[in-house]
Amino acid sequence: MGNSDNEIFVIRMPDVGEGIAEAELVEWHAQPGDMVREDDVIAAVMTDKATVEIPSSITGKVIWLGGKVGDMISVGADLVRISPDANAQIEAAAPEPAQAPPATPDAAPSDAPEPAPEQKNAAPAKPATDAETHSAKPAAPASGVPARHVQPPRRAAGEKPLASPAIRRRALEAGVDLRRVSGSGPAGRLTHADLDAWLDAPESAPVTGGRVRRTEVTEIPIIGLRRAISRKLGQTWSKVPHITIVEEIDVSALEELRAGLNAERKEGKPRLTILPFLVQALVRAVADQPDMNAHHDDEAGQLRQFAGVHVGIATQTPQGLKVPVVRHAESRSLDDTAIEIARVAEAARDNTALRDELSGSTITITSLGALGAIATTPLINAPETAIVGVNKMAMRPVWDGAQFVPRKIMNLSSSFDHRVIDGWDAAIFVKRLKTLLETPALIFVEG
Amino acid sequence: MAEIVCKLLIIGGGPGGYVTAIRAAQLGIDTLIVDEGPLGGTCLNIGCIPSKALIHAGEEFHKLTEAATGGSPFGLSAASPAIDLGKTMAWKDGIVTRLTGGVAGLLKKAGAKSLRGRASIRDGKTVTVETDLGPQTVHAETIVIATGSEPVELPSLPFGGKVISSTGALALTQLPESLVVVGGGYIGLEIGTAYAKLGVKVTVVEAAPRILPVWDAELTGPVAKRLAALGVEVMTGAKVTGLTDDGETLQVATDDGSDITLAADKILVAVGRRPRTQGFGLEQLALPMDGPFIRIDNQCRTAMRGVYAIGDVTGEPMLAHRAMAQGEMVADLIAGQPRVWDKRAIPAVCFTDPEIVSVGLGPDAARRDGQAVLVGTFPFRANGRAMSLAREDGFVRVIAREDNHVVLGIEAVGAGVAEFASAFSLAIEMGVRLEDIADTIHAHPTMGEAIQESALAALGRGLHL
Ligand SMILES: Cc1cc2nc3c(=O)[nH]c(=O)nc-3n(C[C@H](O)[C@H](O)[C@H](O)COP(=O)(O)OP(=O)(O)OC[C@H]3O[C@@H](n4cnc5c(N)ncnc54)[C@H](O)[C@@H]3O)c2cc1C
């Protein structure tokens, strides 16, 4: 199809990680017709964990793209075709012809006075179609390659809508005049979806009460990270029966300790949030209950307990929720933990995290920070078996047996995979965390 | 006699009428269909089906003749063939009987009643039917007029004796030695070609400058060529003025001013058909007309409430499938379903040799519409299947809008291309673009590959030419 004599370079979908057969196309940095230099980034693809940018290996003109954003592309499949020849013809786009870029302009001078850039048709058109621009005839035989680009849909007055008989019948039955519906198909052909959309939101929705009823529906494809999140959480929710325990933690002592430590911080030492304490508390707690620091491999019918504690920190990033990992928290000091949390979270936020930094956690902490509500129902980061959610800290009155005293209270909402963790064990785990956090010295006691 | 009361009365049992009846009965409407003749109308009894049977018999005989005269391109030979036209006609009648019986069965299965007899309209709700058992009065809520059409007679050449209509031509039991066909339209040429292939000396007299004037000269060219090869003499620009006084020879006035006479055993007058609107009380309703046809709207309603008209009686193209489609729609409408006539095209097929099929607009018609068009043509001489059939004559032509490539028409002329009609119609009704046809896999080796190639040609990227 349309190949010129020039060699065409194909950039294929690289192997982006072990065992990965396909990756999602999340961004195009070039369009057919664009000139790219060697090493220019052409596309970004995403695996379950990380986004990988794909550079061009040559300088030339992009003539074909292997998909549209959101498509899953197999490893080894053609991703981009590049011709070193700047005059190369664009190949038919694999996605929609409608998205095809303009074809090489016809050399014929414009006979028409209209300013439309593509107006170069000298043939008589019926008045009704004058509003439309006309694409050129297939390119001159000399070039051998025809212009495949056709005009976007536009119906002239009086023109019959382009729709299959079944759609026409449906429209009639639904009382819809198809001439008023615009078609999204090639050449403005009406699809069943167009009709559905019209039926959902007809142009003439009745107006009531002086306020305009708005019926637009904006469709946003669920792609990229959001698709990964959606798929993963959907699976987790449907596969893993959760139990969630919410417990009140009196963090007054912990807050005192934290304030004291932060006050004494030497230069170059990280400021401490509550998170590193929580991570270290987890290290302690899972030592007694290794089922909580484990993967539930349901396919293998195995619970895989880990000696190392790799704590996932659910992090809101501009791209969406990610879970960077603090590896081997059991070997880290408090400061070291704080530094590592900050580092991986940062990497996740600026999209520079490596695959390793976004995978392999064995237990996860999730926190909504200041927005953290009084209780949440965290979803497990499958295949893990437990997740600890941090709720908002607040000063609350607590009855000390004689009177109400103000205490700093922070709830923890922790969920467990009920298939492998009984409520009893979950409760013991939460109780242990409570003890550790309410008496923070215990976190640091050796042995 | 007792009066019959029904919800729906259909006058005429042709393809229009019987389809209405089947569909309406399926929808639970109390339906009665009346015809004075056998069910199936013109189409089954004296039109489409019997003519195609004769055409096929002619083709088979012609192949044998070729084989017998050393003209077979395949190297086949045969002893001198013979035809027993009586037997041919009996075979044809067998098909007709099976089909008309089939229609009766379908009507019965659907639950429609039928009545044999001649209907006369008394008013918009009452019809008298002259049956073998005497007159019957039928009261109906709704009436569908589907009385069809009949051959047009030339005043100077009334039917009778050697002057026959298509009906007569489809019922000959003896081969005439010579046949003059008056009228170079599809009916005359179809039957004329069939007889030419049966060995009859055929002459076609056509008043217009060329045969098959509904199609353009490019499409009809291969037919004209083939007629010549079959030994059919075609006189265009020639008007029949009548018979000589002895009633034996035909008098023809040609465009160049000369008068000639033509001797013939049989003279087939096929100068057109006219809607059957006379002689059954239609005048009573004083319906507005469209020329000779009953005027209808896009739901086949006449000006009178509760009276519909469909089929040949309502206008061109007078074709069986148009009548059927109208009938189906009308039945739905009577059942209260929303329907309107919204077809993009009605296919037209001419079963000459080669066949012509056209759906939608030809290039000229599209341009007359003010449309800038792309036209792609692919000849069968570059098609492998056509070669293997020794039929390289003809081509496929696709016409599309230049601006958005939506296909406006598809036409073909070639051996057996009538069967393309379905593909062409489907394409146009679906609103396809050239790219859709070009990007559809067409089986190889078939003549249909030419359809894809014509679309590729229109896109400027033909492969096999
Ligand atoms: C030789 C020939 C070849 C043809 N070939 C083709 C072809 O290849 N393809 C194609 O599509 N079309 C073809 N046609 C045309 C096709 O036959 C007609 O278009 C079609 O039959 C029209 O259907 P209809 O229902 O409108 O009417 P008809 O088929 O004409 O049926 C009308 C019926 O009404 C009955 N009738 C009329 N008046 C009364 C009355 N007062 N009372 C009772 N009954 C009445 C008649 O007896 C008849 O049976 C051909 C026609 C002829 C003559």
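Look up a bit, the structure's there.
Residues numbered from 1 in each chain as written. Chains lettered and ligands numbered in written order. Predicted model: local features only at pLDDT ≥ 70, side-chain atom pairs only at ≥ 80, totals over all residues. Heavy atoms only, no water.

Draft legend 1. Spatial organisation of the overall build of chain B. For chain B, the helix and strand inventory stands at 13 helices and 24 strands. In chain B, which comprises 465 residues, the proportion classed as buried is 55%. Summarising the internal contacts of chain B: among those between residues at least 6 apart in sequence, 63% fall at separations of at least 24. When the accessible area of chain B is evaluated, it comes to approximately 19,300 Å², of which 54% is carbon and sulfur surface. (Helix = DSSP H or I, 4+ residues; strand = E, 2+ residues; numbered from the N terminus. Buried < 20%, exposed > 50% of the residue type's maximum accessible area, 1.4 Å probe, protein only. Contact = heavy atoms within 4.5 Å. Areas by Shrake-Rupley, 256 points an atom, 1.4 Å probe, with all protein chains shown as cover.)

Draft legend 2. Quick peek at the overall build of chain A. A tally of helices and strands in chain A yields eight helices and 17 strands. For chain A, the residues scored as buried account for 41% of the 447 residues in total. Of the contacts made within chain A by residues no fewer than 6 positions apart, 61% connect residues no fewer than 24 positions apart. Accessible surface computed for chain A: about 23,700 Å², of which carbon and sulfur atoms make up 54%.

Draft legend 3. Highlighting the sheet that holds strand E11 (residues 233–235) of chain B. Residue and element names in this part refer to chain B. The strand order across the open sheet formed by five strands is E8-E15-E9-E10-E11, and the pairing between neighbours is parallel. With partners counted over all chains shown, the strands left at the sheet margins are strand E8 (163–164) and E11, one partner each. Here five bridges tie strand E9 (residues 178–182) to strand E10 (residues 201–205), and the two strands are oriented parallel to one another. Bridge assignment links Leu179 to a residue of E10, and that residue is Val202. (Pairing = 2+ DSSP bridges.)

Draft legend 4. Looking closely at the site of the ligand. Residue and element names in this part refer to chain B. Neighbouring residues of the ligand: 37 residues in total, closest Asp35, Thr42, Lys52, Asp312 and Ala320. Between Asp35 and the ligand, the recorded distance is 2.6 Å, taken from a side-chain N or O atom to an oxygen atom. In this structure, Ala119 approaches the ligand through a main-chain N or O atom, which is 2.9 Å from a nitrogen atom. Going through the elements one at a time, helix H1 (15–26), helix H2 (41–45), helix H3 (48–68), strand E4 (118–123), helix H6 (186–197) and helix H8 (320–334) are the ones with two or more residues in the shell around the ligand. Residue composition of the shell around the ligand, by class: 14 nonpolar, 16 polar and seven charged. (Near = heavy atom within 4 Å. Polar contact = N/O pair within 3.5 Å; in protein donor to acceptor, adjacent residues only side chain to side chain. Nonpolar A, V, L, I, M, F, W, Y, C, P; charged D, E, K, R; others polar.)

Draft legend 5. Fine view of the sheet that holds strand E22 (residues 373–379) of chain B. Residues and elements named next belong to chain B. In spatial order, the strands read E20-E21-E24-E23-E22; together these five strands make up an open sheet with antiparallel pairing. Sheet topology places strand E20 (348–350) and E22 at the edges, where each strand pairs with a single neighbour. Averaged over all adjacent pairs, the angle separating strand axes in this sheet is 10°, with direction ignored. In terms of strand pairing, E20 meets strand E21 (residues 355–360) through three bridges, oriented antiparallel. Looking at E21, one finds that Ala348 is bridged to Ser358. Contacts between helix H13 (residues 449–458) and the sheet are confined to E22 and strand E23 (394–401), with E22 contributing the most and set at about 140° to the helix. (Axes fitted to C-alpha atoms, helices over the stretch in contact; angles between N-to-C directions.)

Draft legend 6. Molecular detail of the packing of aromatic side chains. Residue and element names in this part refer to chain A. Per the stated rule, a full pass over the model turns up four aromatic pairs over all chains. Pairing Phe277 with Phe444 gives two aromatic rings, centres 6.3 Å apart and planes at 85°, and the pair type is edge-to-face. Separated by 167 residues along the polypeptide, Phe277 in helix H5 (residues 274–288) and Phe444 in helix H8 (residues 441–444) bring together distant segments of the chain. Judged by its relative accessible area of 0%, Phe277 falls in the buried class. The exposure class of Phe444 is partly exposed, given its relative accessible area of 35%. (Phe/Tyr/Trp six-rings, centres within 6.5 Å; stacked < 30°, edge-to-face > 60°.)

Draft legend 7. Seen up close, the packing of helix H1 (residues 165–173) of chain A against helix H2 (residues 192–200) of chain A. Residues and elements named next belong to chain A. One can describe the packing of H1 onto H2 by two numbers: an axis separation of 10 Å at closest approach and a directional angle of 15°. Compared by their axis directions, H1 and H2 come out roughly parallel. As H1 runs across H2, the sense of the crossing is right-handed. Taken together, the residues of H2 that come into contact with H1 (itself represented by Ala166, Ile167, Arg170 and Ala171) are His192, Leu195, Asp196 and Leu199. Across the contact of H1 with H2, the residue classes tally to five nonpolar, one polar and two charged. (Parallel < 35°, antiparallel > 145°, perpendicular 65-115°, else oblique. Left-handed = near helix turned anticlockwise from the far one by under 90°.)

Draft legend 8. Broad picture of the pattern of salt bridges. All chains considered together, the criterion is met by 50 salt bridges over all chains. The closest approach of N and O atoms between Arg81 of chain A and Asp78 of chain A, which form a salt bridge, is 3.4 Å. Among the charged side chains, a salt-bridge network with shared partners connects Glu59, Lys197, Arg226, Asp353, Arg391 and Asp393 of chain B. (Salt bridge = Lys/Arg side-chain N within 4 Å of Asp/Glu carboxyl O.)

Draft legend 9. Focus on unusual backbone geometry. That bond from Ala382 of chain A to Pro383 of chain A is cis: its omega, 10°, falls within 30 degrees of zero. Along the chain, Pro383 of chain A falls in the loop between strand E15 (363–367) and strand E16 (386–399). Following Asp353 of chain B, the chain continues into Pro354 of chain B via a peptide bond in cis, with omega recorded as -10°. Take Pro354 of chain B: it is sitting in the loop between E20 and E21. One non-glycine residue, Leu212 of chain B, lies in positive phi territory at about 45°. Locating Leu212 of chain B in the fold gives a position in the loop between E10 and helix H7 (217–229). Phi is positive for Ala390 of chain B, which is not a glycine, with a value near 60°.

Draft legend 10. Local environment of the environment of Leu64 of chain B. Residues and elements named next belong to chain B. Note on placement: Leu64 falls in helix H3. You can call Leu64 partly exposed: its relative accessible area is 42%. Counting along the chain gives 13 residues from Leu64 to Ser77, while the straight-line C-alpha distance between them is 7.8 Å. In this structure, Leu64 is in contact with Ala78 and Pro81, ignoring residues within four places of it in sequence.

Draft legend 11. The arrangement of the pairing of strand E13 (residues 249–254) of chain B in detail. All names here are of chain B. Relative to E13, strand E12 (residues 238–243) runs antiparallel, the two sharing five bridges. Across the sheet, residue Ala238 finds its bridge partner in E13, namely Thr254. Counted between consecutive antiparallel strands, the loop separating E12 from E13 contains five residues, among which Gly247 sits at a positive phi close to 75°. In the sheet, E13 pairs with strand E14 (residues 259–263) via five bridges, with the strands oriented antiparallel. Directly across from Ala253, in E14, lies its bridge partner Asp259. Hairpin remark: E13 followed by E14, antiparallel, with four residues in the connecting loop; positive phi at Gly257, about 95°.

Draft legend 12. Structural view of H6 of chain B. Residues and elements named next belong to chain B. Between its terminal C-alpha atoms H6 stretches 16 Å, which fits the 16 Å expected from twelve residues at 1.5 Å a residue. For H6, the complete set of buried residues consists of Gly188, Leu189, Glu190, Ile191, Gly192, Thr193, Ala194, Tyr195, Ala196 and Lys197. Downstream of H6 by one or two residues, Gly199 has phi in the positive range, about 100°. (Expected span 1.5 Å × (residues − 1).)

Draft legend 13. Main features of the nonpolar core. Within the largest apolar cluster, 41 residues are counted, with the highest numbers of intra-cluster contacts made by Val311, Leu412, Phe416 and Phe429 of chain A. Put simply, the parts of the chain that give this core at least two residues each are strand E9 (242–250), H5, strand E12 (311–317), helix H6 (334–349), E15, E16, strand E17 (404–417) and helix H7 (423–438) of chain A. In this view, Phe429 of chain A contacts Leu282, Ala285, Val286, Gln289, Met292, Ile363, Val388 and Phe416 of chain A; residues no more than four positions away in its chain are not counted. Judged by nonpolar contacts, the second largest core, of 36 residues, contains Ile164, Tyr195, Val202 and Val413 of chain B. (Core = buried A, V, L, I, M, F, W, Y, C linked by side-chain atoms within 4.5 Å.)

Draft legend 14. Geometry of helix H11 (residues 420–430) of chain B. Looking only at H11 of chain B, the buried set comprises Phe420, Ala421, Phe424, Ser425, Ala427, Ile428 and Glu429 of chain B. Check the buried side of H11 of chain B and you find it contacts H1 of chain A together with E20, E21, E23, strand E24 (407–414) and H13 of chain B. Trailing H11 of chain B by a residue or two, Gly431 of chain B shows a phi angle of about 75°, which is positive.

Draft legend 15. Focus on the side chain of Glu429 of chain B. Along the chain, the position of Glu429 of chain B falls in helix H11. In this structure Glu429 of chain B comes out as buried when scored by relative accessible area, which is 11%. Within polar-contact distance, the side chain of Glu429 of chain B engages the backbone nitrogen of Arg344 of chain B at 2.8 Å. Those residues in contact with Glu429 of chain B that sit more than four places away from it in its chain are Ala163, Ser164, Pro165 and Arg168 of chain A together with Asp342, Lys343, Arg344 and Ala345 of chain B.

Draft legend 16. Summary view of the pairing of strand E5 (residues 126–131) of chain B. Residues and elements named next belong to chain B. A large share of E5 lies buried, amounting to five of its six residues. In this sheet, E5 lies alongside E4 in antiparallel orientation, the contact comprising five bridges. Bridging from a neighbouring strand, Asp123 pairs with Thr126 of E5. The sheet contact formed by E5 and strand E6 (residues 134–145) spans six bridges and is antiparallel. For Thr126, the partnering residue across the bridge sits in E6 and is His139. Hairpin remark: E5 followed by E6, antiparallel, with two residues in the connecting loop.

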